[in-house]
There are 2 protein chains.
Amino acid sequence: MAKDNTTESLLRQCADAGMRRTAALEACLRVLVEAPQPVTLQDIPKSPAFKVNADPATIYRLIQRLEERRIVRRIGFHSRAAHYCLRQQHHHDYLVCRDCGTVEVLDIACPVAHLEKQISTESGFADIDHELEFYGRCAACQ
Amino acid sequence: MAKDNTTESLLRQCADAGMRRTAALEACLRVLVEAPQPVTLQDIPKSPAFKVNADPATIYRLIQRLEERRIVRRIGFHSRAAHYCLRQQHHHDYLVCRDCGTVEVLDIACPVAHLEKQISTESGFADIDHELEFYGRCAACQ
DNA sequence: TTAGATGCAAACGATTTGCGCGGAA
DNA sequence: TTCCGCGCAAATCGTTTGCATCTAA
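All of these numbers come straight from a predicted model, not from anything done at the bench.

1. A few points about the sheet that holds strand β1 (residues 39–40) of chain A
All names here are of chain A. Taken in spatial order, the 3 strands make up an open sheet running β1-β3-β2, and their pairing is antiparallel. Pairing within the sheet leaves two strands with one partner each, and these edge strands are β1 and β2 (72–75). Here β1 pairs with strand β3 (residues 83–86) via 2 bridges, running antiparallel. The residue of β3 that forms the bridge with T40 is H83. Sheet strands touched by helix α4 (residues 56–68): β2 and β3. Its angle to β2, the strand with the most contacts, is close to 105°.

Here it is as structure tokens:
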């Protein structure tokens, strides 16, 4: 498979936002498109979908630009490293094991999306989104 | 003011959980009791409520033990440093500015507490709690 | 007396930044 | 041709750990 449509459309979106079309950018986007769950900066070059060489600093700066342009979303979890996923994908909430760090994507209707507008009005904050994670001990760690 | 009841009761709780009653522990607890919002490890010794000298490593290990005993809760936000607050205090959700990092405590009934049991049943995870933050741009940063 | 706490200093891991070269537009 | 993006290397920052000493119980 060369470039699937999704990666291609993201690349166009990046170009429209003033980013140059480089091999590293394309590789990062492809990893994000194929990732079943949020990835860390170190995960990215390890993915088989990442077919070029790139310096960690380059990946860092790319993701930073993608985040500024609101193409990717940063997620905290509780690990030392930040995780990232595409905003274009459907919003998810997560279930994380506090012992082993396993992340599961929750398949529930997000229960708080409707609060954003209300909070925005009451607080004066703009561009509100949210992050919701459940933490517990997974079956294997109990 | 010497030792308010809250700090004193936490100290007892710690003793019951096998921790020794030390000056550093008491100072940490007092800072947490008085903090209007979650604090970082570096914030703790800067607080006027922290009246002794203590090494960062000591504070780190104290908070770690308090977290293991589930006396304090860790919160991610998106800053580099983790934040901590007392679990005994009423659970809160937060509104954070993505530009300046300001944290506001949200005064809303938490909309997801009731989901924890359901998620626990469906996933096999135990001891579930959650973290919910809204991110936006505060009035000053717009 | 003695297991748990502390201080000091060094190790770590994940970014984060400065700089000069190279390639997309 | 220009300016953005890249690799390389060094600097930061927030922990995290090893070890010898101290002290609450």
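2. Let's talk about the protein's contact with DNA strand C
For DNA strand C, the set of nearby residues contains 24 residues, the closest of which are R20 and Q42 of chain A together with T22, T58 and R80 of chain B. Among the atoms of DNA strand C lying within 4 Å of the protein, the sugar-phosphate backbone contributes 67%. Separating a base nitrogen of DNA strand C from a side-chain N or O atom of R20 of chain B is a distance of 2.9 Å. R61 of chain B has a polar side-chain atom sitting 2.9 Å from a base oxygen of DNA strand C. Breaking the surface near DNA strand C down by element, the ones donating at least two residues are α4 of chain A together with α4 (56–68) of chain B. The element that contributes the greatest number of residues to the surface near DNA strand C is α4 of chain B, accounting for 5 residues. For the surface near DNA strand C, the class distribution of residues is 10 nonpolar, 5 polar and 9 charged.

3. Focus: the relation of the copies chain B and chain A
Each copy of the sequence occupies a distinct position, and chain B is placed on chain A by a rotation of 180° and an axial shift of 0.0 Å, giving an RMSD of 0.1 Å. Both chain copies can therefore be described as sitting about a two-fold axis. For chain B, the residue whose C-alpha comes nearest the rotation axis is L132 of chain B, separated from it by 2.2 Å. Mapped onto chain A, 100% of the interface residues of chain B again fall at the interface, so both copies present the same surface.

So, how was this worked out
- Residues numbered from 1 in each chain as written.
- Chains lettered and ligands numbered in written order.
- Predicted model: local features only at pLDDT ≥ 70, side-chain atom pairs only at ≥ 80, totals over all residues.
- Heavy atoms only, no water.
- Pairing = 2+ DSSP bridges.
- Helix = DSSP H or I, 4+ residues; strand = E, 2+ residues; numbered from the N terminus.
- Contact = heavy atoms within 4.5 Å.
- Axes fitted to C-alpha atoms, helices over the stretch in contact; angles between N-to-C directions.
- Near = heavy atom within 4 Å.
- Polar contact = N/O pair within 3.5 Å; in protein donor to acceptor, adjacent residues only side chain to side chain.
- Nonpolar A, V, L, I, M, F, W, Y, C, P; charged D, E, K, R; others polar.
- Least-squares fit on C-alpha atoms with pLDDT ≥ 70 in both.

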